[in-house]
Amino acid sequence: MKFIEIGIDNKAFPGEYILHKPSSAIVLVGAFNDEKGTIRVLKDGKLFEDKISNFNKILLDRKERRDFKDKTCKKCKGARQ
């Protein structure tokens with residue numbers, strides 16, 4: 001897992017998970033405002049807004065992404081059989 005800075009080339013999009021550096025928490029992006037220089041995110045059920053520089057994007061390589069998908073809930077898949 002790698003973390004990269006959010007900037008002009010790589011913006012954060014709503015629905016994407018990113019790292020909030022000051023709290024070391026994975027948060028869900030709600031809104032990206034390039035003009036104000038802020039990102040509004042959802043953390044622990046609460047919305048808050050912080051500077052773009054306090055966030056990093058999360059990059060997973062192919063193997064990590066596959067492992068993550070394998071660990072997800074399989075209850076619905078088993079119910080269809």
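Reference entry: report on the structure contained in this document. (Residues numbered from 1 in each chain as written. Predicted model: local features only at pLDDT ≥ 70, side-chain atom pairs only at ≥ 80, totals over all residues. Heavy atoms only, no water.)

**Remarks on the pattern of salt bridges**
Within this structure, the stated rule accounts for four salt bridges. Ionic pairing is found between D34 and K11, a salt bridge with its closest N-O pair at 3.8 Å. With D34 in the loop between β3 (25-33) and β4 (38-43) and K11 in the loop between β1 (2-5) and β2 (17-20), this residue pair connects regions lying 23 residues apart in the sequence. What makes D34 partly exposed here is its relative accessible area of 45%. (Salt bridge = Lys/Arg side-chain N within 4 Å of Asp/Glu carboxyl O. Helix = DSSP H or I, 4+ residues; strand = E, 2+ residues; numbered from the N terminus. Buried < 20%, exposed > 50% of the residue type's maximum accessible area, 1.4 Å probe, protein only.)

**With respect to the sheet that holds β4**
Strand order in the open sheet formed by six strands is β1-β6-β2-β3-β4-β5, and the pairing between neighbours is antiparallel. Both edges of this open sheet fall to β1 and β5 (46-51), since each of them pairs with a single strand only. Pairs of neighbouring strands in the sheet enclose a mean axial angle of 45°, with direction left out of account. As defined by bridge partners, β1 adjoins strand β6 (residues 55-59) across four bridges and the pair is classed as antiparallel. The partner of I4 across the bridge, within β6, is K57. (Pairing = 2+ DSSP bridges. Axes fitted to C-alpha atoms, helices over the stretch in contact; angles between N-to-C directions.)

It is worth stressing that arrangement in space is one thing and function is another; only the former is reported here.
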